[in-house]
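Listed here are the chains, written in short residue letters.
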Amino acid sequence: MTTPVPTLNFDLDLVTSLEERAFNAWPAQKSALCGGWLLRLSEGYTKRANSANALRPTAAFAETLRIAEDFYARHGLPTIFRLSPLAGAEADQMLDHAGYRKIDRSLVMTAALPQQTQSTPDVEILAAPNHAWSVGFAEANRVPESARAAHDRMLAAITMPAAFATLSENGAPIAYGLAVAENGAVGLFDIVVAPAARRRGAAARLVSALLTWGKTQGASSAYLQAQADNQAALGLYRKLGFEQQYEYHYRVRA
């Protein structure tokens, strides 16, 4: 007898489209398909690029768990699951019972792009990362020196139109961000502001410039992911018109 797929209580098309865009925007170096799950590998750098992600609602998770654990063990990495609504309740419950703890609850938010955009002359946008941008971006995001090469390879692997942005003040860079456009939507990633320059509107100016760039790429909407406990970022994004669509979290071994 075929195990029935669980009843959905979310917008399947919306979640699927946002998940696919985000996978493309932050690509893994290697990946494998497994029964409706995508197993991603990127030298251990970032959980998103080194985790198991559901592609569609499925049942009978036990076999997926066994395969994923074998897969990541073979590559010398911990088994990490990223659970969006596509994963379903069974996967979350089984991982909890198997000793995987829940961490990094995050929100996926979307917004329609404004009709009118503002010029942001203090933001430089590159179509590809140069050395200065890569170094500054990595330092701002506290990328360990040991992971810099993997980080640069992941950036170089982005195949969709991308914007590598730097906001400067008095000639010095104070904020960095990344945007990737695909099929009418622009995704925002890793918006980071130097500690000394925070609470002065730098993030809002940087985001505004990236959204304006997104419009030049034919985007009419934007999406982003933010950790649920980052109240400063969530407050900014809500002021800019972003609304929550769904959430996800990770499960890792205790």
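The residue count restarts for each chain, going from 1 along the sequence in the order it is written. Given that this is a predicted model, residues contribute local features only at a pLDDT of at least 70 and side-chain atom pairs are listed and counted only at 80 or more, while totals for whole chains, interfaces and linings are drawn from all residues. Excluded from the side-chain calculations are hydrogens and water; all other atoms, namely the structure's heavy atoms, are used.

## Thoughts on the packing of aromatic side chains
Stacked, edge-to-face and tilted labels apply to pairs of Phe, Tyr and Trp rings (six-membered ring for Trp) whose centres lie within 6.5 Å, assigned for plane angles under 30 degrees, over 60, and everything in between, in that order. Counting across every chain of the model gives 11 aromatic pairs. Between tryptophan 37 and phenylalanine 61, the ring centres sit 5.4 Å apart and the planes meet at 50°, which makes this aromatic pair tilted. Taken together, the positions of tryptophan 37 in strand β2 (residues 37-41) and phenylalanine 61 in the loop between β3 (52-54) and α2 (62-74) put the pair 24 residues apart, joining distant regions of the chain. One exposure class covers both tryptophan 37 and phenylalanine 61, and it is buried. Ring geometry for tryptophan 37 against phenylalanine 81: centres 5.7 Å apart, planes inclined by 85°, an arrangement best described as edge-to-face. With tryptophan 37 in strand β2 and phenylalanine 81 in strand β4 (residues 81-83), this residue pair connects regions lying 44 residues apart in the sequence. Both residues of the pair, tryptophan 37 and phenylalanine 81, count as buried. Its guanidinium or amino end placed over the ring of tyrosine 250, lysine 47 lies 5.0 Å from that ring's centre, counting from NZ or CZ. In DSSP terms, a helix is any run of H or I states spanning at least four residues, a strand is any run of E spanning at least two, and both are numbered starting from the N terminus. Between buried and exposed lies partly exposed: a residue is buried under 20% and exposed over 50% of the maximum accessible area for its type, with that area taken using a 1.4 Å probe on protein chains only. The criterion for a charge sitting over a ring is simple: Lys NZ or Arg CZ within 6 Å of the ring centre, and within 35 degrees of the ring normal.

## Some remarks on the pattern of salt bridges
Salt bridge, as used here: a side-chain nitrogen of Lys or Arg that lies within 4 Å of a carboxyl oxygen of Asp or Glu. With the rule as written, the count across this model stands at 12 salt bridges. Between glutamate 43 and arginine 153 there is a salt bridge; the shortest N-O distance is 2.9 Å. With glutamate 43 in the loop between β2 and β3 and arginine 153 in helix α5 (residues 148-156), this pair connects stretches of sequence that are 110 residues apart. Assessed through its relative accessible area of 46%, glutamate 43 is described here as partly exposed. Relative accessible area serves as the criterion here: at 43%, arginine 153 is assigned to the partly exposed category.

## Description of the side chain of histidine 151
Tracing the backbone shows histidine 151 in helix α5. Once residues within four sequence positions are removed from consideration, histidine 151 is found in contact with Trp26, Tyr45, Phe137, Ala138 and Val143. Note on contacts: a residue pair qualifies if any of its non-hydrogen atoms lie within 4.5 Å across the two residues.

## Looking at the layout of surface pockets
Unoccupied space between atoms shows up once a probe the size of one water molecule is rolled over them. Cavities and pockets were defined on a 1 Å grid built over protein atoms only: a cavity is a set of grid points that admits a 1.4 Å probe from which the probe cannot escape, a pocket is an open set flanked by protein on both sides within 12 Å along at least five of seven lines, and lining residues are those with an atom within 4 Å of any such point. Grid points are joined across faces, edges and corners, and a volume is the space filled by probe spheres set on the points. Space inside the largest pocket adds up to approximately 1,700 Å³. Asn141, Asp190, Ile191, Val192 and Asn230 are, among the 48 residues lining the largest pocket, the residues nearest its centre. When residues of the lining of the largest pocket are traced back to their parent elements, those giving at least two are β5 (100-112), α4 (131-140), β8 (172-182), β9 (185-193), α6 (202-216), β10 (221-227), α7 (231-239) and β11 (243-253). Basically, the charged four are Asp, Glu, Lys and Arg, the nonpolar ten are Ala, Val, Leu, Ile, Met, Phe, Trp, Tyr, Cys and Pro, and anything else, Gly included, counts as polar. In the lining of the largest pocket, the residues fall into 29 nonpolar, 10 polar and 9 charged.

## As for the pairing of β10
Judged by how many residues are buried, β10 sits mostly within the fold: 5 of 7 residues are covered. Here, strands pair whenever DSSP counts at least two bridges between them. Pairing geometry for β5 and β10, over 7 bridges, is antiparallel. Its bridge partner lying in β10, alanine 111 is registered against alanine 222. Two strands pair when backbone bridges link them, and β9 and β10 are joined in this way by 4 bridges, in the parallel orientation. What sits directly across from alanine 185, in β10, is serine 221.

## With respect to helix α1 (residues 12-25)
An expected span of 1.5 Å times one less than the residue number is assigned to each helix. For α1, which comprises 14 residues, the first-to-last C-alpha distance of 20 Å matches the rise-based estimate of 20 Å (1.5 Å per residue) to within 8%. Burial in α1 covers these residues: Val15, Thr16, Leu18, Glu19, Arg21, Ala22, Phe23 and Ala25. Nitrogen and oxygen atoms within 3.5 Å of one another constitute a polar contact, given that in protein one can donate a hydrogen and the other can accept it, and given that sequence-neighbouring residues count only through two side-chain atoms. Of the residues flanking the start of α1, the one acting as N-cap is aspartate 11, its side-chain oxygen 3.2 Å from the backbone nitrogen of aspartate 13.

## What to know about the nonpolar core
Think of a nonpolar core as a cluster: buried Ala, Val, Leu, Ile, Met, Phe, Trp, Tyr and Cys residues, connected wherever their side-chain atoms sit within 4.5 Å. In terms of nonpolar packing, the biggest core is built from 51 residues, with Trp37, Phe81, Phe164 and Leu178 touching the most fellow members. Leu107, Leu167, Ala228 and Ala233 belong to the second largest nonpolar core, which has 34 residues in total.

## Some points on the pairing of β9
For a regular strand, side-chain orientation follows a simple rule: the groups alternate between the two sheet faces. Counted residue by residue, β9 has 7 buried out of 9 residues, so it is predominantly covered. As defined by bridge partners, β8 adjoins β9 across 7 bridges and the pair is classed as antiparallel. Bridge pairing links alanine 181 to valine 186 in β9. Where β8 folds back onto β9 in an antiparallel hairpin, the turn is made up of 2 residues, including asparagine 183, whose phi is positive at roughly 50°. Remark: the β9/α6/β10 crossover connection has right-handed handedness. Here the term right-handed applies to a crossover when the path leading from its first strand over the helix to its second strand runs clockwise, the strands being oriented away from the viewer.

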